[in-house]
Amino acid sequence: MNPYQILLSGITILPVIGVIILLVWRKATKTQAAIIGIISESFALVIPIVLLTTLRKEGVILFSVPWIPNMQISFSLELSWLSITFLLTEVLATLAAMIYSLGDKDGEKNSNTYYALLLLFSLGMSGTTLADDVFLFYIFWELMLIASVLLILGWGHGENRFRVALKYFIITHLGSLMVLVCLITLYVNFGTASLTELVLHASSLPINMQVFLTAFFIIGFCVKMAIFPFHIWLPDAHTVAPMPVTIILAAAMLSMGTFGVLRFPFTLLAFESIQPFAIWMMIGGLISEVYGALMALAEQEIKRIVAYSSVSQMGYILFGLGTLTLRGMQGAVMHVVYHAIVKALLFMVVGIIIAVTRERDIRNVGGLGSKLPILTVCAAIGVLGISGMPPLGIFNSEWMIFAGGFDSGVSIVLTVMTLIGSLLTLVYGLRFFGMVFFGVQKPETLPEKSPRALLVPTIAVTVFLIIEGLVPGPLLEWATLGLTGIFGGLL
Amino acid sequence: MTGYFEIVLPIFILIGGAFVVYLLVRLFKLSNRTESMLTVLVLAGTLVVLVMHYLDVPDFIDRPEVFYGSAEPDGIIYRPNAVGAFILIIGVMIGILITLYSAEYLSRDPRYAVYYPLILLTLAGLLGMFTSNNLFNLFLLTELTTVTASALVAFRFREKISIRAGFKYLIMSSLGTMTMMLGIYFVYRSTGNMQLMGPLGVMDNFVRIGAACFLLGFSLKAGVVPLHTWVPDVYGHAPSAVSGLLAGVLSKSMLFIMPVVCLRLGISEVELGTYLMVFACFNMLVGSVRMLRQQQLRRFLSFSSIAQTGYLMFGLGMGFYYELDQALGVGLFLFLVIAVMKCLAFLAAGVYEYYTGSQDIERLRGVGKLMPLNALSLSIALAGLAGIPLLAGFNGKWLVFSAALLTADAFALACLGIFMLSSVISLGGYLPMIIKQYQESPQPTLEIEGFSQPDISKWMLLPVGLLSLLVVLIGIYPSPWINLVNQVMQWMVMSI
């Protein structure tokens, strides 16, 4: 085992040390707890970057130690180009949320547990992207769910948080069970839990079974992606969760469903078993896109508007995946990254609006533009970003997704409809922006000045969004490298 | 009487121990704590003998000369049995923990003197059931467990509800043993023989009716739907430690005697498997649905126990129906994890009851602040039962899924569908229960009533803590347990 492989395991082990320190150190103030959280989380950021050169040389880095030998289960991690893209997105989103949480009011009580759970939440996601063993994958997959449910339960807003958390848990768990059925089917049919081995054999299963597996995988992961009609957990969970958790949920956790679709059915199974679902994925994506946008347009609560926009954006991603073309899927992966940045930005903006005005209803807010110029600029960039204005990132990814749609061989009507549907994003984006920042100032006296601690990370994310949009090259390269592995098997 | 005396030695230790402990306590007016320690000694002795016996099993298996009893053709003999040893080792270990727990739990009860001997006798009956090789003896020993267990259930006989529960258990269980008695009649009528091994003679439809009677009797004792009606009353009102023993070990172990008897008496593996799988579905559904709206913590746990009986039956049923050895192993593993988790849940619920005098779920809202360690333990137990990863229950769930998907047969997959449904429905029961412990309540809670934070006795914390640790341990590192179960499974396959 070479040092790089050991280093790889650090991505999952070092945050655990942070969690233990936090759980033991009960007297930690919020700032102290946050600093420990940020330090432990940054390991998960630094290590993949350190490993980049090795990854470029070797294509993939594997770490494996036996865990439950009599069940052929091992603790195996694999860093590939596909996983590193998702991993870095998720870690960056968590870091941004943690830094943002320093200025946020949530998590004042039991801060040590709060940050420990944030770390576990992120660990669940990094583990999901790295796991090379179906058993391990499921454990991380559920860890991500459990940590987020506990965060909502413990630090959520509103009396109904228990109901919301329960709904969130049960619906997502239902999706997880569907995934579990598929994972175990693969496991019992080949007698191994290792994904590296399953990749070699899985496409030799009877085609009927593969079709069944694909259906279950896609539906299961769509629940996590909050695709219509499986989205019902999302608006409530996003609204009730404390802001940093909402940021991680929207920016990172949703895209884990995308990763799952790419990692399992697309990588493992034969092209013939996926093809029948392609058109349904495109249609599902279209419906989700339009539905999410319409709901965002109809909502009055600021957080829910942005939450519904996630349903809409995930629609684009599913559409991109459904095209089954390299371009469409490149677009989908890029959309995951860009959406994470934009969504983090928008939720940060919403958080500041709520903190400053203490209002959650968009009808009671207005004319903030003159009072909060910096925030207005950030919000404007965020709204333009999500509507797909060049040169901001989402323009690039939507371009790729639509290009994939035209390439896919499916009637172009579908793609044209999706293209036109994207106008709705602009509509709800501008409605949001206009109502909040223009018009008569509401509430008349602002209780607080714009909190600087919240603005700094917001500005940083805005700048990052602009840079990412202007320099899409590296991301495109990573996405391509990540997808070639899949395309080797798919086409 | 000839043969290997060590085969019945544990039974003698338990029965003898019961009398000795009782006499000592009566003669020297020993305290509850002392009696509990004496009982632990007896159980520890039994455990040592059982473990040695268990290690001997590989030499014993399939050797007709290994027995204890009268060597004549229709003499009563006892034979070693790997599955029995496995189940009893778990049972005795849980018995030890329960005895330790009772050292505090019973300290307010003046009638403690008879309590521990009854536990010993119940375990002796169970042990006898697994080693006995004769239907009539099996019947007697089943009665022994029934009578002693119902005395335990009705232990707090000054409370009406307790008497009712005990009476219900006695009536229902006696109904079960009566049916078995009828079964014995049918078997003996046709074959003139009551041995579980060796040549049986004529096999006609009467023998099969007899087998069906045994099936029914054991189903009743195991709480198979629709014969489950006694379960919630009994587990809900017996002393909590007794509920833990009954729900965790006693009733579920009946599912492992059932195949030994029924397969011997001419019921085919497919028939038995079909029976188990079909009724498993009922159990899973009834248990998880009825669980949702319970007001009392222990009734809630009782219904979840019915669902778990279903999971166990599902695993075993697949093992017989498809002749899938792996599924039998799943059944054994489930028995282990359910015993640990269920017992933990009942013990933790008992701690609440002991210190707050209430097992009303609404009243227990926010109790987590008052007894954080106990709340954590109950949460571990419930999360484990819900199949949350890294706890013992998840490995059980994974194995059930594996076995069902391995068969790739519509019947098993349909049952798996019900299993999934049940596990999702029961999440809707377990999660709110976990949450409520930590929730502030709008209604007057214990805290508002001036209830102060109790000092939970070490006697209770020790078993509760050990079991919690075990749930986590089996969850994180199941390898040794799975090895153990696989070994037992191989012996089980050889002896059936």
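Note that the structure is predicted; figures quoted are calculated from it, not measured. Each chain has its residues counted from 1, following the order in which its sequence is written. Chain letters and ligand numbers both follow the written order, the letters beginning at A and the numbers at 1. It should be noted that, the model being predicted, local features are given only for residues of pLDDT at least 70 and side-chain atom pairs only at 80 or more, the latter also being counted only at that level, while totals for whole chains, interfaces and linings use all residues.

Engineer: Could you give an account of the overall build of chain A, naming the residues involved and the relevant values?
Structural biologist: Helix and strand counts for chain A stand at 19 helices and two strands. Note on method: radius of gyration uses C-alpha positions; expected globular size equals 2.2 Å times residues raised to 0.38. In terms of overall size, chain A behaves like a compact globule, its C-alpha atoms giving a radius of gyration of 21 Å where 491 residues would be expected to give roughly 23 Å. With C-beta atoms placed from the backbone, a residue counts as buried when 20 or more other C-beta atoms lie within 10 Å of its own, as exposed when 12 or fewer do, and as partly exposed for counts between those limits. In chain A, buried positions account for 61% of the 491 residues. Residues are treated as contacting if the C-beta atoms built from their backbones sit within 7 Å of each other. Long-range pairs, those at least 24 residues apart, make up 82% of the contacts in chain A with a sequence separation of at least 6. Put simply, DSSP marks the helices as runs of H or I at least four residues long and the strands as runs of E at least two long, and each gets a number from the N terminus on.

Engineer: Pulling in residues and values, what's your account of the overall build of chain B?
Structural biologist: A count of helical and extended segments in chain B gives 18 helices and three strands. Principal axes of the C-alpha set define a box for chain B whose edges measure 70 × 60 × 40 Å. Within chain B, the fraction of its 496 residues that count as buried is 59%.

Engineer: Any details on the interface of chain A and chain B? Residues and values, ideally.
Structural biologist: Listed per partner, the contact involves 23 residues of chain A and 20 residues of chain B. Only α5 (134-155) and α6 (161-190) of chain A provide two or more residues apiece to the side of chain A that touches chain B. Considering each element in turn, the side of chain A that touches chain B owes the most residues, 13 residues, to α6 of chain A. Within the side of chain A that touches chain B, the residues separate by chemical class into 19 nonpolar, three polar and one charged. Each residue gets one of three labels, nonpolar for Ala, Val, Leu, Ile, Met, Phe, Trp, Tyr, Cys and Pro, charged for Asp, Glu, Lys and Arg, and polar for the others, Gly among them.

Engineer: Residues and numbers for the packing of helix α11 (residues 297-321) of chain B against helix α15 (residues 392-407) of chain B, please.
Structural biologist: Residue and element names in this part refer to chain B. Lines fitted to the C-alpha atoms define the axes, with helices restricted to the stretch that makes contact. Angles between their N-to-C directions range from 0 to 180 degrees. Between α11 and α15, whose axes approach to 10 Å, the crossing angle comes to 35°. Note on packing geometry: the crossing formed by α11 with α15 is left-handed. Counting all contacts with α11, which are made through Y311, F314, G315 and M318, the residues of α15 involved are V400, A403, A404 and T407. When the residues that make up the contact of α11 with α15 are grouped by side-chain class, the tally is six nonpolar, two polar and no charged. By convention, the crossing between two helices is left-handed when the near helix turns anticlockwise from the far helix through less than a right angle, and right-handed when the turn is clockwise.

Engineer: With reference to specific residues and values, describe the environment of S132 of chain B.
Structural biologist: Residue and element names in this part refer to chain B. Along the chain, S132 turns up in the loop between α4 (112-131) and α5 (135-153). The sequence separation of S132 and Y68 amounts to 64 residues, and the corresponding C-alpha distance is 9.7 Å. When neighbours within four sequence positions are excluded, S132 is seen to be in contact with Y78, N137, L138 and L141.

Engineer: Provide a residue-level description of the environment of G429 of chain A, including the pertinent values.
Structural biologist: Looking at the secondary structure, you find G429 of chain A in helix α17 (residues 423-437). For G429 of chain A, the residues in contact, after removing those within four places along its chain, are V383, I386 and S387 of chain A.

Engineer: Give me the lowdown on the environment of M98 of chain A, citing residues and values where you can.
Structural biologist: Residue and element names in this part refer to chain A. Considering the arrangement of structural elements, one finds M98 in helix α3 (residues 81-103). The buried category is assigned to M98, around which 27 C-beta atoms lie within 10 Å. Placed 104 residues apart in sequence, M98 and A202 show a C-alpha to C-alpha distance of 40 Å. Non-local contacts of M98, meaning those with residues more than four positions away in its chain, are made with A34, G37, I38, E41, L118 and P244.

Engineer: Tell me what's going on with helix α13 (residues 326-357) of chain A, and back it up with residues and numbers.
Structural biologist: A rise of 1.5 Å per residue sets the reference length of α13 of chain A, with its 32 residues, at 46 Å; its end C-alpha atoms lie 46 Å apart and thus fit the reference within 8%. Just past α13 of chain A, the residue R358 of chain A takes up positive phi, approximately 55°. Residue count minus one, scaled by 1.5 Å, sets the expected span of a helix.

Engineer: Explain the sheet that holds strand β3 (residues 77-78) of chain B to me, and be specific about the residues and the numbers.
Structural biologist: Residues and elements named next belong to chain B. Strand order in the open sheet formed by three strands is β1-β2-β3, with antiparallel pairing between adjacent strands. At either margin of the open sheet sits one strand with a lone partner, and together these are β1 (2-3) and β3. Paired strands, as defined in this entry, are two strands with at least two bridges between them according to DSSP. With two bridges connecting them, strand β2 (residues 68-69) and β3 associate as antiparallel partners. By the bridge assignment, Y68 is partnered in β3 with Y78.

Engineer: So, helix α6 (residues 160-191) of chain B: which residues are in play, and what are the values?
Structural biologist: All names here are of chain B. An ideal rise of 1.5 Å per residue puts 46 Å on 32 residues; α6 measures up with 46 Å between its terminal C-alpha atoms. By the burial criterion, the buried members of α6 are A165, G166, Y169, M172, S173, G176, T177, M180, G183, F186 and V187. Contacts made by the buried residues of α6 are with α5, α7 (205-222) and α8 (230-237). Looking one or two residues past α6, G192 carries a phi angle of roughly 65°, positive in sign.

Engineer: How would you explain the pairing of strand β1 (residues 61-68) of chain A if you had to name every residue and give the values?
Structural biologist: In terms of strand pairing, β1 of chain A meets strand β2 (residues 73-79) of chain A through seven bridges, oriented antiparallel. Pairing of F63 of chain A across the sheet is with L77 of chain A, part of β2 of chain A.

Engineer: Summarise the packing of helix α10 (residues 269-291) of chain B against α11 of chain B; cite the residues concerned and give the values.
Structural biologist: All names here are of chain B. Relative orientation of the contacting elements α10 and α11 amounts to 155°, with a least axis distance of 7 Å. By the criterion of interaxial angle, the relationship of α10 to α11 is roughly antiparallel. The interaxial crossing formed by α10 with α11 has left-handed handedness. Roughly parallel here means an angle under 35 degrees, roughly antiparallel means over 145, roughly perpendicular means 65 to 115, and every remaining angle is called oblique.

Engineer: Account for the pairing of β2 of chain A, naming residues and giving values.
Structural biologist: Counting buried residues in β2 of chain A gives six out of seven residues, a clear majority hidden from the surface. Where β1 of chain A folds back onto β2 of chain A in an antiparallel hairpin, the turn is made up of four residues, including Q72 of chain A, whose phi is positive at roughly 55°.

Engineer: Talk me through the confidence of the model for chain B; I want residue IDs and the actual numbers.
Structural biologist: Per residue, pLDDT measures the predictor's confidence, with a range of 0 to 100. Model confidence for chain B is summarised by a mean pLDDT of 88, while 93% of its residues fall at 70 or above. Among the prediction metrics, the complex's ipTM stands at 0.90, with pTM recorded as 0.93.

Engineer: Now, about unusual backbone geometry: what can you tell me, with residues and values included?
Structural biologist: Here the bond from F228 of chain A into P229 of chain A is cis, since omega is 0°, no more than 30 degrees from zero. Here P229 of chain A is to be found in the loop between α8 (207-225) and α9 (234-240). In this model, V225 of chain B is joined to P226 of chain B through a cis peptide bond whose omega is 10°. For P226 of chain B, the location among the structural elements is in the loop between α7 and α8. A positive phi angle is found at A226 of chain A, which is not glycine, with a value near 60°.

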